[in-house]
Amino acid sequence: QVQLVESGGGLVQSGDSLRLSCIATGPSFSRYAFGWFRQAPGKEREFVAAITRTGGRTFSAESVKGRFTMSRDNAKNTVYLEMNVLQPEDTAVYYCAAVMSSGDDPWIHGYEFWGQGTQVTVSS
């Protein structure tokens with residue numbers, strides 16, 4: 001079982017950048033695919049980005065494509081979400097999620113483990 005802890009959130013201005021980190025504790029980090037999700041006040045949680053077990057493929061939601069980049073460092077048991085050109089509509093709690101994967105496809109849903117989330121607030 002893996003435990004996830006996110007960090008890196010904060011209050012920024014429109015157009016700024018942030019990098020979120022998610023440290024995973026537990027065995028077999030490289031066997032997990034990861035995703036980032038977000039939930040804005042009054043809205044349902046939505047998919048943001050995913051990365052495969054090997055890190056060879058990523059997939060992003062259309063709303064963040066070209067601005068957000070997901071990566072992973074298997075040596076550090078950490079996944080990242082680099083967020084550029086942040087907009088007020090990106091304001092949300094951002095969650096890291098993991099699922100044990102035997103293949104090398106990005107997962108959009110079906111995640112088994114979740115972090116507590118980190119708040120990102122973008123002011124206009």
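This is a predicted model, so every value here is computed, not measured. (Residues numbered from 1 in each chain as written. Predicted model: local features only at pLDDT ≥ 70, side-chain atom pairs only at ≥ 80, totals over all residues. Heavy atoms only, no water.)

### Some thoughts on the packing of aromatic side chains
Stated precisely, the cut-off is as follows: Only Phe, Tyr and Trp rings are paired, with Trp represented by its six-membered ring, and only when their centres lie within 6.5 Å; those with planes under 30 degrees apart are stacked, over 60 edge-to-face, the remainder tilted. A helix here means a DSSP run of H or I that spans at least four residues, while a strand means a run of E at least two residues long, and both kinds are numbered starting from the N terminus. Relative accessibility thresholds used throughout: buried, under 20% of the residue-type maximum; exposed, over 50%; partly exposed, between the two (1.4 Å probe, protein chains only). Here, a charge over a ring is recorded when the distance from Lys NZ or Arg CZ to the ring centre is within 6 Å and its angle to the ring normal is within 35 degrees.
Following the criterion strictly, the structure yields eight aromatic pairs and no others. Judged by centre distance (6.1 Å) and plane angle (70 degrees), the rings of Y32 and F113 are edge-to-face. Of this pair, Y32 sits in strand β4 (residues 32-39) while F113 sits in strand β10 (residues 113-114), and the two are 81 residues apart along the sequence. Comparing Y32 with F113, the two get one shared label, buried. Feature note: the residues F37, F47, F59, Y111 and W114 constitute an aromatic cluster, connected by ring pairs. A cation sits over an aromatic face here: R45 above W114, 3.7 Å from the ring centre. The ring centre of F59 lies 5.3 Å from the NZ or CZ of K65, which sits over that ring.

### Topic: the pattern of salt bridges
How we decide: Here, a salt bridge means any Lys or Arg side-chain nitrogen found within 4 Å of an Asp or Glu carboxyl oxygen.
Under the counting rule described, the total for this entry stands at five salt bridges. Between D105 and R57 there is a salt bridge, with the nearest N and O atoms lying 2.7 Å from each other. Of this pair, D105 sits in the loop between β9 (92-100) and β10 while R57 is found in the loop between β5 (46-51) and β6 (58-60), placing the two residues 48 residues apart along the sequence. The exposure class assigned to D105 is partly exposed, which follows from its relative accessible area of 45%.

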